[in-house]
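A structural walkthrough
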4 protein chains.
Amino acid sequence: MSEPDRASVKAALTSQRIETPSWAYANSGTRFKVFAQPGVPRTPEEKLDDAARVHEHTGVAPSVALHIPWDKVDDYGALASYAQKRGLRLGTINSNVFQDDDYKLGSVTHPDPAVRRKALDHLLECVDIMDATGSRDLKLWFADGTNYPGQDDIRARQDRLAEALTAVRDRLGEGQRMLLEYKFFEPAFYTTDVPDWGTAYAHCLKLGPKAQVVVDTGHHAPGTNIEFIVALLLREEKLGGFDFNSRFYADDDLMVGAADPFQLFRIMCEVVRGGGLQERAGIAFMLDQCHNIEPKIPAIIRSVMNVQEATAKALLVDRDALESAQLSGDVLGSNAVLMDAYNTDVRPLLAEVRQENGLDPDPVAAYHRSGWAQKITDERKGGQQAGWGA
Amino acid sequence: MSEPDRASVKAALTSQRIETPSWAYANSGTRFKVFAQPGVPRTPEEKLDDAARVHEHTGVAPSVALHIPWDKVDDYGALASYAQKRGLRLGTINSNVFQDDDYKLGSVTHPDPAVRRKALDHLLECVDIMDATGSRDLKLWFADGTNYPGQDDIRARQDRLAEALTAVRDRLGEGQRMLLEYKFFEPAFYTTDVPDWGTAYAHCLKLGPKAQVVVDTGHHAPGTNIEFIVALLLREEKLGGFDFNSRFYADDDLMVGAADPFQLFRIMCEVVRGGGLQERAGIAFMLDQCHNIEPKIPAIIRSVMNVQEATAKALLVDRDALESAQLSGDVLGSNAVLMDAYNTDVRPLLAEVRQENGLDPDPVAAYHRSGWAQKITDERKGGQQAGWGA
Amino acid sequence: MSEPDRASVKAALTSQRIETPSWAYANSGTRFKVFAQPGVPRTPEEKLDDAARVHEHTGVAPSVALHIPWDKVDDYGALASYAQKRGLRLGTINSNVFQDDDYKLGSVTHPDPAVRRKALDHLLECVDIMDATGSRDLKLWFADGTNYPGQDDIRARQDRLAEALTAVRDRLGEGQRMLLEYKFFEPAFYTTDVPDWGTAYAHCLKLGPKAQVVVDTGHHAPGTNIEFIVALLLREEKLGGFDFNSRFYADDDLMVGAADPFQLFRIMCEVVRGGGLQERAGIAFMLDQCHNIEPKIPAIIRSVMNVQEATAKALLVDRDALESAQLSGDVLGSNAVLMDAYNTDVRPLLAEVRQENGLDPDPVAAYHRSGWAQKITDERKGGQQAGWGA
Amino acid sequence: MSEPDRASVKAALTSQRIETPSWAYANSGTRFKVFAQPGVPRTPEEKLDDAARVHEHTGVAPSVALHIPWDKVDDYGALASYAQKRGLRLGTINSNVFQDDDYKLGSVTHPDPAVRRKALDHLLECVDIMDATGSRDLKLWFADGTNYPGQDDIRARQDRLAEALTAVRDRLGEGQRMLLEYKFFEPAFYTTDVPDWGTAYAHCLKLGPKAQVVVDTGHHAPGTNIEFIVALLLREEKLGGFDFNSRFYADDDLMVGAADPFQLFRIMCEVVRGGGLQERAGIAFMLDQCHNIEPKIPAIIRSVMNVQEATAKALLVDRDALESAQLSGDVLGSNAVLMDAYNTDVRPLLAEVRQENGLDPDPVAAYHRSGWAQKITDERKGGQQAGWGA
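Report on the accompanying structure. Here the structure is a predicted model, which means the values were calculated and not measured. (Residues numbered from 1 in each chain as written. Chains lettered and ligands numbered in written order. Predicted model: local features only at pLDDT ≥ 70, side-chain atom pairs only at ≥ 80, totals over all residues. Heavy atoms only, no water.)

**Remarks on the overall build of chain A**
This is how it is decided: Counting from the N terminus, the helices are DSSP H or I runs at least four residues long and the strands are E runs at least two residues long. Our radius of gyration is a C-alpha quantity, and the globule rule it is checked against amounts to 2.2 Å times the number of residues to the power 0.38. Type-normalised accessible area, obtained with a 1.4 Å probe on protein chains alone, sets the label of each residue: buried when under 20%, exposed when over 50%, and partly exposed for intermediate values. Only the protein chains shown count as cover for residues, with accessible areas throughout obtained via the Shrake-Rupley method and a probe of 1.4 Å. Charge convention: Lys and Arg are scored as positive, Asp and Glu as negative, and His as well as the terminal groups of each chain are ignored. Every charge is mapped onto a representative atom, which is NZ of Lys, CZ of Arg, CG of Asp or CD of Glu.
When helices and strands are tallied, chain A shows 14 helices and 10 strands. In terms of overall size, chain A behaves like a compact globule, its C-alpha atoms giving a radius of gyration of 21 Å where 390 residues would be expected to give roughly 21 Å. Across its three principal directions, the C-alpha atoms of chain A cover 65 × 55 × 40 Å. The buried share among the 390 residues of chain A stands at 68%. Surface exposure of chain A reaches about 12500 Å², of which carbon and sulfur atoms provide 48%. Looking at chain A, you have 43 positive and 57 negative side-chain charges, and the mean spots of the two groups are 2 Å apart.

**Some points on the sheet that holds strand S6 (residues 177-181) of chain B**
All names here are of chain B. The condition is simple: By this definition, two strands are paired if DSSP reports at least two bridges between them.
Reading across the sheet, the eight strands line up as S1-S2-S3-S4-S6-S8-S9-S10 and stay open at both edges, with parallel pairing between neighbours. At either margin of the open sheet sits one strand with a lone partner, and together these are strand S1 (20-21) and strand S10 (284-287). Sheet topology note: the strand S3 (residues 89-94)/strand S4 (residues 137-140) ladder contains two bridges and is parallel. Residue Asn94 lies in a different strand from S4, and its bridge partner there is Lys139.

**A look at the relation of the copies chain A and chain B**
The criterion, for reference: C-alpha atoms of residues with pLDDT of at least 70 in both copies form the basis for the least-squares superposition of the copies.
The transformation that overlays chain A on chain B combines an axial shift of 0.0 Å with a rotation of 180 degrees, and the residual RMSD is 0.0 Å. Such values leave the two copies arranged in the relation of a two-fold axis. Among all residues of chain A, the minimum C-alpha distance to the rotation axis is found for A:Gly198, at 2.0 Å.

**A few points about the pairing of strand S3 (residues 89-94) of chain A**
All names here are of chain A. This is how it is decided: Crossovers are marked right-handed if the path from the first strand over the helix to the second runs clockwise, as seen with the strands pointing away from the viewer.
Extensive coverage of S3 is indicated by the burial of five of its six residues. In this sheet, S3 lies alongside strand S2 (residues 63-67) in parallel orientation, the contact comprising four bridges. Bridge pairing in S3 places Val64 opposite Leu90. Taken together, S2, helix H3 (residues 76-85) and S3 form a β-α-β motif whose crossover is right-handed. Handedness of the crossover joining S3 and strand S4 (residues 137-140) through helix H4 (residues 113-133): right-handed.

**With respect to the environment of C:Arg42**
Residues and elements named next belong to chain C. The criterion, for reference: Note on contacts: a residue pair is in contact if any heavy atoms of the two residues lie within 4.5 Å. N or O atoms closer than or at 3.5 Å make up a polar contact, with two conditions inside protein: a donor-capable atom paired with an acceptor-capable one, and, for residues adjacent in sequence, both atoms drawn from side chains.
For Arg42, the location among the structural elements is in the loop between strand S1 (20-21) and helix H2 (44-58). In this view, Arg42 contacts Glu379, Arg380, Lys381, Gly382, Gly383, Gln384, Gln385 and Ala386; residues no more than four positions away in its chain are not counted. Reaching out from Arg42, the side chain makes a polar contact with the backbone oxygen of Lys381 at a distance of 2.7 Å.

**So, the environment of A:Ala143**
All names here are of chain A. Topologically, Ala143 is positioned in the loop between S4 and strand S5 (145-146). Counting along the chain gives 39 residues from Ala143 to Lys104, while the straight-line C-alpha distance between them is 9.6 Å. Residues in contact with Ala143, not counting those within four places in the same chain, are Phe98, Pro187 and Ala188.

**Quick look at the interface of chain A and chain B**
The following threshold applies: A 1.4 Å probe defines the accessible area here, and the buried area is the portion of it lost by two parts on being joined, summed over both. Salt bridges, as used here, are contacts in which a Lys or Arg side-chain nitrogen is within 4 Å of a carboxyl oxygen on Asp or Glu.
If you look at the interface, chain A gives 55 residues, while chain B gives 55 residues. For the chain A and chain B pair, buried surface summed over both sides reaches about 4500 Å², with 58% attributable to carbon and sulfur atoms. Three residues, A:Arg155, A:Phe228 and A:Arg235, lead the burial of chain A against chain B; their summed loss comes to 17% of the area buried on that side. Counting every contact that joins chain A to chain B gives six salt bridges. Across the salt bridge formed by A:Asp159 and B:Arg235, the nearest N and O atoms sit 2.7 Å from each other. Linking chain A to chain B there are 19 residue pairs in polar contact (both at pLDDT 80 or more). Residue assignment for the side of chain A that touches chain B shows that the elements contributing at least two residues are helix H5 (154-171), strand S7 (191-192), helix H6 (197-207), helix H7 (226-235), helix H8 (261-273), helix H10 (319-327) and helix H11 (331-342) of chain A. The biggest single contributor to the side of chain A that touches chain B is H6(A), with eight residues.

**Here we look at the interface of chain D and chain C**
Stated formally: Amino acids are sorted into nonpolar (Ala, Val, Leu, Ile, Met, Phe, Trp, Tyr, Cys and Pro), charged (Asp, Glu, Lys and Arg) and polar (every other residue, Gly among them).
The interface is formed by 54 residues belonging to chain D together with 55 residues belonging to chain C. Summed over both sides, the interface of chain D with chain C buries roughly 4500 Å², with 58% coming from carbon and sulfur. Three residues stand out in chain D for area buried against chain C, namely D:Arg155, D:Phe228 and D:Arg235, and they jointly supply 16% of the buried area on that side. On inspection of chain D and its partner chain C, the count reaches six salt bridges. As a salt-bridge pair, C:Lys206 and D:Glu236 come within 2.7 Å of each other at their nearest N and O atoms. For the interface between chain D and chain C, the tally reads 19 residue pairs in polar contact (both at pLDDT 80 or more). Taken together, the elements giving at least two residues each to the side of chain D that touches chain C come down to helix H5 (154-171), strand S7 (191-192), helix H6 (197-207), helix H7 (226-235), helix H8 (261-273), helix H10 (319-327) and helix H11 (331-342) of chain D. Split into classes, the residues belonging to the side of chain D that touches chain C amount to 25 nonpolar, 15 polar and 14 charged.

**Side note on the relation of the copies chain D and chain C**
Each copy superposes on the other: chain D lies on chain C with an RMSD of 0.0 Å after a rotation of 180 degrees and an axial shift of 0.0 Å. A share of 100% of the interface residues of chain D reappears at the interface of chain C, consistent with the copies meeting face to face through the same patch.

**Digging into the nonpolar core**
Going by this rule: Nonpolar cores are built from buried Ala, Val, Leu, Ile, Met, Phe, Trp, Tyr and Cys residues. Side-chain atoms within 4.5 Å join them into one set.
Core analysis: the largest hydrophobic core is formed by 407 residues, its most contacted members being A:Phe242, B:Phe242, C:Phe242 and D:Phe242. Setting aside its immediate chain neighbours within four residues, A:Phe242 contacts A:Val214, A:Val215, A:Val230, A:Ile267, A:Val271, A:Ile283, A:Ala284, A:Phe285 and A:Met286. Ranked by size, the runner-up nonpolar core spans 72 residues in total, among them A:Ile293, B:Tyr148, D:Phe185 and D:Ala299.

**Let's talk about the packing of H8(D) against helix H9 (residues 296-316) of chain D**
Residues and elements named next belong to chain D. Condition: Only the contacting stretch of a helix is used when fitting its axis, a line to C-alpha atoms as for every element, and angles between N-to-C directions run 0 to 180 degrees. If an angle is under 35 degrees, it is roughly parallel; if it is over 145, roughly antiparallel; if it lies from 65 to 115, roughly perpendicular; otherwise it is oblique. By convention, the crossing between two helices is left-handed when the near helix turns anticlockwise from the far helix through less than a right angle, and right-handed when the turn is clockwise.
The contact between H8 and H9 brings their axes to 8 Å, and the two run at 55 degrees. For the element pair H8 / H9, the angle class is oblique. Judged by the twist between their axes, the crossing of H8 over H9 is right-handed. In this structure, H8 uses Leu264, Phe265, Met268, Cys269 and Val272 to contact H9, whose residues at the interface are Asn306, Val307, Ala310, Thr311, Lys313, Ala314 and Leu315.

**Topic: the pairing of strand S10 (residues 284-287) of chain D**
Residue and element names in this part refer to chain D. Because side chains alternate across S10, one face comprises the buried residues Ala284 and Met286, and the other comprises Phe285 and Leu287, equally buried. Bridging between strand S9 (residues 239-244) and S10 involves four bridges; their strand directions are parallel. Its bridge partner lying in S10, Gly241 is registered against Ala284. Of the crossover connections in this fold, the one passing from S9 over H8 to the parallel S10 is right-handed.

Right, dumping it as structure tokens:
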């Protein structure tokens, strides 16, 4: 790589932004058990305090996604100011229409119009909150679906879904977007109303430019080629963002890059190829994962770094050599160009980028030295720890 | 079920049509071995002779899909006459752009424009054949894809694909359609250029009303809910037809209904629900399967019967009771309505339908009694047995 | 089927026993939400009251599995008497070493010997309870595993597991058994210490005749042929029992037979083939499933009936015709023998069996008529509903 | 890593041996098409010539696995001499009981005793060949299984399998072993007679120390944790060797390490952990893969290098730091130790090892410079190219 290239790679890495989710700082678990951890935040503000640590050490995580109602506050303007004082801003608003008893059989696709109305009202309230926080994106994930064949009418549920999405779209203001997330299964176990990118795409296409698809890397059938979907959505200008995490089996929500770092690299390659790193593409790079057994803040720092490392490798791909090998039908040659970038140890490069931006080259070590873990363990006593779902 | 219902169920079963594929009468196998069978046809005409047996005994399989070049003849008009004399007609034309050495790295998505041109010319030739045979549908399945990350540019291949599909669309005449098939993987092992219904749908949408998606029941990721896709495509008026077969693992091409009869029933329920049985819906119900180790003609008869049985059960669903239970949120009740139809033994009903249409109530037994198997074993000696791929 | 056959089929269906799990009567859910239902039991005794309803209407569910500590009581003898008065007996004891904060990184395989000791003590306590309840079987399922590569040493964990299992085996009394359950994944997301039948089998082989493998139908990798495993374990005399449920995706714990009734039939065919229905085989047929959105008691009745229907069909297989077709290499013929039994509507036969045993032919309808649902909704107010996990 | 460590890592890398399969040098393909390549060998001797190129450039691939009858010759002693003159030796003998018309319904598990006898005779003949070639290992992979439920008796087939394996075991001479391979599915599509490690293990256990399990990395259900199986088999002293390849979907037989290099690293970590790299462990490291679209010799060189790179990384894991983090329950710390080794670019280290052993640091480049590709393209004209299966 020639020096100018190195400079542009560093510039891209410096300007990359990765949003962390407020709920990742809180307790989480499986249906079997939620294990509590010491020092876990008890309020939205304490979540922001932790998020500020991640940004302080990585320099690329200045925004925090909120989850409503988990992060409900009386005054969102005040929360936004609180964030700003810590070098942060409030990011994507995540709606929640799955944790109320009324939603047992669905929310916006529920057979009962009263439940649908309630769910829609929540979504519209989220747009109100966006107005207050200045957030650009509303992320919509629906747990809606059925557990048993025959339980409800698949097609009627699509009609109901389309109706709700249209109402949300109509409510969005200038510069606001809705990101529709799909998920293969869970918590619905037979049908899921938005199970794949095709369904999300079909809806977003009809909803127009304010509606974009969000790719959660853990939400696919076994064996699905995620980078292919990313390439397609970028080609269709319908990729709104990522929910990053990783998994070995189902939606395991492990640290992004932990299960298959090569896959993450291939995804970032398609992002780079499709112009998705450029600001005008409007791609939101978000983490959405749980830290059930590992300490949360260092796990999030590690996750941010994993995205950075995959991005760095993707940026190092010799695009000219790759295209040339591809066009000449050189199977091994083109694969070798890609693998050459992947096999590069980019940690020194990222350490350099950090130092040039006034950061410690090793964010995890810096965090451990900071004393923050001990401080929150000592101070956050009493009160109710925030949890995934609360 | 009241008597009028029974009459309409029987009418629907009587008018149902299932197309059989010429290649299912020929030898087939896995990459490990193709086992030859006695009496296998050596020419397109002999394939039609066998197909006529299937139609004679089932009464619902009057059309035969051709595969070009496997069924290439000099005079398609003559072949159509040959079919007609046996009570058959020529059905869907299946293109083949995967068995020429030039197609090692793809056909219409190949990096080399000369190969793309050659592949497109074949597709256009298939439309010429449709003109001669009077076929309505051109089925497009592409083996195109890559085996290794980096081997080719995912997005550029989509551009090339779109270009070829557009050219085919422009060539189609009045009343002709193109059916785009998707497949999860194989023979490409890393990316497949049309891997899922979303990709096929996105292309068909741009191509307009002459382009429809075809669902091959064996071409999905593990766990994919196929009936959901069927419901969606019907809702979007983009379902062109089915390639029926069944599988336990990958694209195993077993007899339809053999691996998961309940799934086939659920698919047919969505077809009935979405109006897909009605002629004006234009859904092509085709078999596309291989009989590697079992005798071919009785296997195809059994497959046709399996589709009939699933259809009969789907028609028996008490739609009013189902909708009522669904709207009231009665999970167990609505599931029970569906299962009640599924658990019904519809074989007597179908035997009755056959007898009312002048057929033997037991098509498999009638075939075995007919002596056809012995006849073709005796007569079809010498020459080259037709095979999947020839 | 000749009349004597019919008599023996009925006899087999009359003598079949299916154990229901106490926790299926309680609330359950996913990590996203536990939806409360009206009338859910608040105590182990109320769970037994509900189980008695299931047995009253089905006649084949006289035993109830307990889960420790969820069903912990001071006096197990009194609980056994309580059961006996309702026509029930206490069945398998299920241990729980996954819901204590100490078990975050494992129980019997935890790196810390103190945690291992605590877990083992719980298992030994469960044997004490077996002594008091007169239970034959201790079911062992371990959530133990790791979430991240490198987190712990795979092999060392096997050593620790073997040590604990040996200690339990040594503690078992005359006529007591340990059933080792395997599970593909969840809640551990990278390694699970007993992920497949092979691992369970290897341990049970070393532990000797008191240790048997239990097959949970929901605990396999996608596409796994479960009936094959059943056939193998029966051949090895290492099948101890079943945890029945069904799933479309992962461990979804739907009603047994709801997702793939043909698979359940094939499993029961292997049970019949391997002599597993006979009492001396000692196979425990247990339900282990959750009813997150459907009413629990009728869902359990339906599940019991689904097992009965699959068993009835398996018993109807013409074994002589099947063997004859198999030995002659008649692929379609042997499959047809099997499908002939599967396609039979066995509901009239089971209705007959029930009536001959003094039961209502339609257990679900009888339950709905009984008024029990209304009664428990009215009476079980106040107190804490029991939940999966409590 | 301190210098002494570096020396021992290099020593381990220098002494590692990877066997290449004769059939990987020949044409191969899918059921859809076998694409011919220029210069492909026409005889076993020409396959050895190509294998000699791989060993010349890598220095670690001195042995070649044969496949009978594909590599059948009149004089195996002469073939062994031919190999020896090129610095090679003949390795594992691979039996083939799947490409004869008699094997349509199975080989050693076939319902017909005459077919079983024929298959067994072939296996015994393979041991004769081992006597002649001096091979240590007989690799047994059976395509045996069924395509349809009911087709044959699962348990009876196990009995037949056990009988054949016992006969082979009894025939083995001093220092000879049988390696039993399992495969999830294909070419059998419903049951496979040895579908998983548990089945292979159960048989090998009864067969005694001469029978070992071989792990083909492409032969597992989706999501299976292969390194877990490796760890278990090493603990049981029942791991005989590897068939390396990689896959994204089913048994795609791509270059090892191409689809998931992190998985290959984790597998090699367990090999190192379990002492499997040491000669006394007797683990056979073999490639078993196809090169359908890429040039064969450089693909095999790349594959050998991929195994070397994964091994190098596994050797670089700081075992003391890992164990210490594991025992202290430090989830992130122990994972970080592993990832630190994985993220290291080991290509310079391997280049160094090669140079110290008198090899070119870049085997692929050296091969391309050698002119061998052009030479075989020019010289190997006429005759029949060898193919996978011939």
